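# Close look at the chain arrangement
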Amino acid sequence: MKRILFAILLVQLSGCDTLDLVPVSQRSVEGFYRTPTQLNQAIIGCYNGLRNALVSQQYSYMLTESRSDNTFQSLDYNDGNITRFSETSFLPILYTAWSNSYNKIQRCNKVLEELPKVSLSEDLARQYEGEAKFIRALLYFDMVRFWGGVPIVTTSLTISEGYAVSRSSVEEVYQQIEKDLADAAQLLPASYDNTNRGRATRWSAKGFLGKVLVYQSGYPLNKNRWSEAAGILKEVIDSGQFEFFESYAAIFSHQNEWGKQSVFSLIFKSGAEGEGNPFPTRNAPNFISRNEVPFGGSPYQLFLSAELLESFEPGDLRKDAAITSRWTHTSGEVITTMPFSRKYLDGPVAAANDWDINWIALRYDDVLMLYAESLNEIGYDGNGEAFSILNRIRQRAGLQPKTASEVSSQQAYRLWMENERRLEFCFENQRWFDLVRTDRALDVMKEFLRSYGLEASMQSRDRYYYPIPQSAIDINNKLVQNPGYN
Amino acid sequence: MMKPAGILLGKGWKNRSQVLVIGVVIYLCSLGACFAQAGDRQQVSGRVISAGNGEALPGVNVIVKGSTTGTVTDVSGNYLIEVSGNNPVLVFSFIGFRQQEIPVNRQTMIDVRLETDIQSLEQVVVIGYGSQKSTRITGAIASLKSTDLEERPVGRLDQALMGKLAGVQVQQTSGAPGKSLAVKVRGTSSINFSNTPLYVVDGFPISGDLNNLNTQDIESIEVLKDAASAAIYGSRGANGVVLITTKAGKEGKPVIQLDISRGVQTRFSRYDVLNRDEWIEYAIEERNNSWMIQGGKASDPNSARTNSNYWIDPVWLTDPGSLPDNDWQDIVDRTASVSNYQLSASASNDKFKYYISGNYFNQNGIIIGSDFRRMNFRTNVESKLSKVVNVGINFSAGTSIRNDPQTDWNGGPVSRSHIMPPVVGITQQTESGGYYPYVLSALINPLAMLNEYTNEIKSRQFLVNAYADVFLAQGLKLRSSFGTEQRSDETLYFIPNNINRNNGAQATATNSAFESYLTEHLLTYKLAKSSWDLDLLGGFSYQEAKSGNWALTKSGFADDEVRTLNAGTVLNSGSSDKTLWNLMSFFGRANFSFKDKYMLAATIRRDGSSRFGRDNRWGWFPSASAGWRILEESFMKDISWISELKLRASYGIAGNNNIGNFASIGTLGAANYIIGTGQQKIPGYGPSSFSNTMLGWEKTTTTDIGLDLGIFRNRLQVGFDYYVADTKDLLLNVQIPEVTGYTTALQNIGKVRNRGVELELTSLNIDKAFKWTSSFNISANRNKVLELGPDGSPVYGTNEGYRVTITQIGKPIGSYYMLEQEGVFMNQEELDTHPHYLRQNVGDIKYKDYNGDGVINQDDIHIVGDAFPDYFWGFRNTFSYKGFDLSVFMDGQQGVNILNIASRSNMQSRQNVWGMWRDRWRSPENPGNGMVPRAAVTDNMTTASSFWLFDGSYWAIRNITLGYNIPSGFLRKVNWLNGIRLYSSVDNVFMHDHYHGNPQTGNHANSSLTPNIDSGTSYPLATTWTFGLSVKF
């Protein structure tokens, strides 16, 4: 009898490594980043992260459009305080933005670390490196504009290394972004075949590099890098890869989602698989009739400011292309007092917030206008290209071109550019950043908030940056809070 | 010479032995050898009754002292016995009664009244992998017998435990039929993981839910509370172990028992909300105030108000009476029936014993559309194959169906019945009925949801454990067992378009299956000497479990007729997943007892599990305990009023392995993207967690000191325990610097202390024809965090995006951490003199300037309460007289907070609000009660403060049961009847509390870090009136 017992024990003891079970339905980090296919999957994960940060996450508009004078948000959600410049370091969306950005940056860092260990064709190795750096640069570009000098992390950190990290300066962050974009411009191919379209190209990298140079030339660094910016933006313009659409509305149509108006787009697909674009309906009113917007709008909509609506000149075609002023409530009532953004509201949709249409992260028009702006900064020329570009934009909008007599100085051109950019790119998350880099945010927003009796909350340039989330400081006190938020 | 016949005497052999006795006597007499001094042989008869209630006692053992002659009383308590010899003495004994000895003294009629013994000293208590005499227990074990459970039928076992045992906190968080209760033994030791005890049914550790266990099949429940008792369960013992023993056949003739009960349930807990006129007044006030905060004027018409949130329905001003005045709670509830049917049979002889039962339980919920039906079968059989081998099998199978139209869901009908404004029409807020444009459009009509949802959950479970006992030598036994638990839950969910905001109908079918296999081999050795006893146990156990889920969702249904997935035309999602774990263990125990006076016990367990990190796979779990029965000391002999006195002390280590199956392995999350003009979806991945190869179990070290005291022949019994339980290596999902790419990582860090006292009192107050017994238990537990994270920084808990709790060194886990409300700014002067938080106006909440620096900011946030009751108690009184018995059970808790996140009413009049808003601030002249702010959407609504916090103290009369046992005199005429009991009972009779709903409530998001959070979504409790009948054949 005892022998039987021992036998049972022995059989079961010999299987001691039966305790080494591995997950069945969950991929584990162990064994990943080994094959070319896995590396491609990791790069796809980076693109997913970029799309998430720039569009799908609520902070993408809450920290940009909601902050600007284009909208005035209700207090129901986080951006109510952002609109009112009354946010504190505890505002949840700030923490989301902070942690999500680093989470997506980590994906890029991990790829860049593992890349040399995998045997890949040289072309593919260069492309993957370029893509990871491009995506990382764009993520940092948002961060440096939200918070100023954030910690620069370019490798995967252990937990204890994480505690040792402190903030870098704004300049250092821009240097990192510039370096990544410059590398990407070298590494990435000029184009892809149709099956790979949508990936970042050399021109995507150069376009953003030009934009980043423009930003460095503005607040707070005020480096004069206008000539470099103009040079690189000109390269993009001269590449012949892109096209100035003669119709403003056509830029945002589903039919043209793969068109040449885009220097770089984030790709979406409807079908309720989590790959759809939330942007179109997120901006539409919650109560809108399903007959007008399938699956309705959302409570997170943008509430457009009266001031924005008034700033369109009569006959500006961009207004109707960007804004719906008359719509039907679920109750049947026709609403005319609550206009909403209708950009990208086109094409197939399979479920709520699941639109098919791609979202343009860098429009060719932006490249042209940044180029024009750079030219004006290099030197005012009433008959130069800076004028012709901006007038082309105006004429497309159905407006009369402006002449040197109307815009008679470099400074006057700047204000013209500011206004034209506002209308051209409304709801595309540009306005707030433009106001900050031109250092106009203080004046413009103070004036804007005055109409709500809130000008007291915007009294200094401290408000150009958001507070570092309190929980990030709580866990690592090397992170110094931005001025004005203590 | 009579001896050979005597050996055969036994209950089942009475008649045969009498035949033998007579035979032998005749034989001897026929030899003419009747010299024996048996001339005084005589017959004695009589009746045995209970001294307490005068009832006949059938089955009482009647033995002639010093001989082997004996009999048992019949159904009516009558006996007849033949005695002989000099001065014979009759011994009457019966379980639960004190033994009596009566000299015959030539009487021929001896009637006996047996007195009840509250707790028989020789009671046996089930312990881990064995059993022990209660007097020899050295750990902290709470015990509940079937008699405590049988008084009335209870749908769920956890419900039956409520308030009955010291140190065991049972909370009925939801009244939904078939929903499980929250059970906690001695406080909260795990911060992030389950605090649910391990349930072991007849030796088989089950997967957690007691859903398919039938209360009436249960013989006893033991709760192992201290680590010394639970350490034998190793890495699963730290949350306490609940040992459930099901019934077995009892010696005697077959017993067939039929139980039938039926009841009705009505709503017990209800929220006080505004009615139409109150709500309209409130809504107009709120919308004007809120619009003014947005920069408008109260006189602005709707067309000037940019958002419909600020619109006022003109009818409110012109003809409010034309709008409905719906009390949505009344609309969704109903009077509902509950019934229970059980039939069981059991018997035992020396070769074979069995218990079989079938049960059907049917409960309709008090919320329309919800119900629960369950069917259970059980067979416990054991057979003696030979002198050295016993084999047995315990088999139970159950199936249940639960219909739950999303009642407890956040956006579900119960929640909506609290916040749907009264002016909304009975068919409105649906696609067919249209939406009332002046309230939150997301509110879906609760009645429509209840009528139109399908959410049917079918569960099946069977548990089988087969065993063989081999008696190897004197005192040495091997038990080998093999068993399996299989359960599956199948859900069909369907949401019609009408209640899905025109997003189309959608159906989801899910299935989750769980299987677990267990084999155990135990070797026990018992050595009993005259002055000492030694019990040894050595064992091996291996358990593995697998679970899998699949889910399919389809849309594109033509209509709501056919609700299964075949009718859908679009496949929205489909997935399946599997997971598994295993556990291998070696364990041993030694119990030593010297003269029943000094007891020593030691256990050891070694556990290895796939759940632990690769470099930390095996752990040791030792324990030691000692007991001193002072009663047995010679100096106690003269103190006759003390009938029991024992000191216990124990120390042990147990673990909590509820850490997830693969938590130690870093995972990749899916992160897909679309590439190419053909829009191809390419699978992508990103790392989503760190690997930690050292990840292990949480370790609880408990020191327990206990005292058992019995006085006045155990008429008063006292059990007292003091314990300190330190849990270390807590698995914390520690916040880590976000720059690593992750916000949290799972690490064995941190230490928590639970310290407490438990007192149990049982007394037999009156023991006459009228009998009164009381049992009372009270527990107090103090929870304190001792260590946290690498730098000791606190862990915060959030709910619905708000930071509401802190877990901080020196304080209880998940303490409420927020601004403290001081009152409301009653007038301009107060507003001018007291600091503000963000933008504030007269009528807004006045926060306490806690640090006194003249500014209200984040620095004024502090701990304002916690979710741990100062103490909780249960109190039961049982009265009996003649055939009647009455029991009243009460329970309560004191000094506990509830965070009601719904009470913030941040949507204000876009929903309905609680009645407390009647006392709101309206103007300096009409400032309300000084604690409820003005009606307006302000930052106050979204600033976490003690305004959201409520007192959860209560005391309740949980149950009153009145029973009547038909007198045996009546039954004697019907000899196939062995007993009839009629009873009626009321559950949830009365509750005194300071809360707006059920103070034991909680929601699905509750965890140790964010405890006692109510979102106003929980299914209300019911008052249940039951009438039942129990018949024994």
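Residues numbered from 1 in each chain as written. Chains lettered and ligands numbered in written order. Predicted model: local features only at pLDDT ≥ 70, side-chain atom pairs only at ≥ 80, totals over all residues.

Turning our eyes to something else, we now look at the interface of chain B and chain A. Taken residue by residue, the interface counts 71 residues in chain B and 82 residues in chain A. Elements that contribute at least two residues to the side of chain B that touches chain A include exactly β22 (454–473), β25 (532–555), β26 (570–594), β27 (598–609), β31 (673–675), β32 (680–682) and β33 (685–687) of chain B. The dominant element in the side of chain B that touches chain A, judged by the number of residues it contributes, is β26 of chain B, at eight residues. Residues that form the side of chain B that touches chain A fall into these classes: 28 nonpolar, 34 polar and nine charged. (Contact = placed C-beta atoms within 7 Å. Helix = DSSP H or I, 4+ residues; strand = E, 2+ residues; numbered from the N terminus. Nonpolar A, V, L, I, M, F, W, Y, C, P; charged D, E, K, R; others polar.)

Below, the discussion takes up helix α14 (residues 364–378) of chain A. Because an α-helix packs 3.6 residues into every turn, residues spaced three or four apart end up facing the same way. With 15 residues, α14 of chain A extends 21 Å between its outermost C-alpha atoms, agreeing within 8% with the 21 Å of an ideal straight helix rising 1.5 Å per residue. Along α14 of chain A, 14 of the 15 residues are buried, which leaves the element largely enclosed by surrounding structure. (Expected span 1.5 Å × (residues − 1). Buried ≥ 20, exposed ≤ 12 C-beta atoms within 10 Å, placed from the backbone.)

All right, on to the packing of α14 of chain A against helix α15 (residues 385–396) of chain A then. All names here are of chain A. Running from amino to carboxyl end, α14 crosses α15 at an angle of 145 degrees, the nearest separation of the two axes being 8 Å. For the element pair α14 and α15, the recorded crossing hand is left-handed. Here D365, L368, M369, Y371, A372, L375 and N376 of α14 lie close against α15, whose contacting residues are E385, A386, I389, L390 and I393. Split by residue class, the contact of α14 with α15 holds nine nonpolar, one polar and two charged. (Axes fitted to C-alpha atoms, helices over the stretch in contact; angles between N-to-C directions. Left-handed = near helix turned anticlockwise from the far one by under 90°.)

A few words now on unusual backbone geometry. In this model, Y219 of chain A is joined to P220 of chain A through a cis peptide bond whose omega is 5 degrees. The phi dihedral of D596 of chain B is positive, around 55 degrees, even though this residue is not glycine. The backbone of R713 of chain B sits at a positive phi, close to 50 degrees, despite the residue not being glycine. Locating R713 of chain B in the fold gives a position in the loop between β34 (698–711) and β35 (716–728). Classification of R713 of chain B by C-beta neighbours within 10 Å gives partly exposed; the count is 16.

Here we come to the pairing of β26 of chain B. Residues and elements named next belong to chain B. With 24 bridges connecting them, β25 and β26 associate as antiparallel partners. Within the sheet, the bridge partner assigned to F540 lies in β26 and is F586. Both β26 and β27 contribute to a ladder of 12 bridges, which runs antiparallel. Counterpart to F594 in the pairing with β27 is Y598. (Pairing = 2+ DSSP bridges.)

In this section: the confidence of the model for chain B. Residues and elements named next belong to chain B. Predicted confidence across chain B gives a mean pLDDT of 86, with 93% of residues reaching 70 or more. Here residues 1–39 is modelled with pLDDT under 50, and outside its nearest four sequence neighbours on either side it reaches 25 contacts, counting other chains as well. The ipTM value of the predicted complex is 0.93, and its pTM value is 0.75. (pLDDT = per-residue confidence, 0-100.)

So, about the nonpolar core. Counting 141 residues, the largest nonpolar core has L181, V367 and Y371 of chain A as the members making the most contacts within it. Among the elements that line this core, the one with the most residues is helix α6 (residues 122–147) of chain A, at 13 residues. Y271, V424, V824 and A1022 of chain B belong to the second-largest nonpolar core, a separate cluster that totals 75 residues. (Core = buried A, V, L, I, M, F, W, Y, C linked by C-beta atoms within 7 Å.)

Residues and elements named next belong to chain B. Ordered in space as β4-β1-β7, the three strands form an open sheet in which the pairing is mixed. Because the sheet does not close on itself, it has two edges, and the strands there are β4 (78–83) and β7 (112–114). Direction aside, the axes of adjacent strands within the sheet are offset by 35 degrees on average.

Within the secondary structure, I206 of chain B sits in the loop between β14 (204–205) and β15 (218–224). A sequence separation of 278 residues divides I206 of chain B from T484 of chain B, and the C-alpha atoms of the two residues are 9.3 Å apart.

Another aspect to go through is helix α10 (residues 226–238) of chain A. All names here are of chain A. Compared with the 18 Å implied by 1.5 Å per residue over 13 residues, the 18 Å span of α10 between its first and last C-alpha is a close match. Where α10 is buried, its residues meet α9 (202–217), β1 (262–266) and α14. Of the residues one or two after α10, G240 is the one with positive phi, at around 75 degrees.

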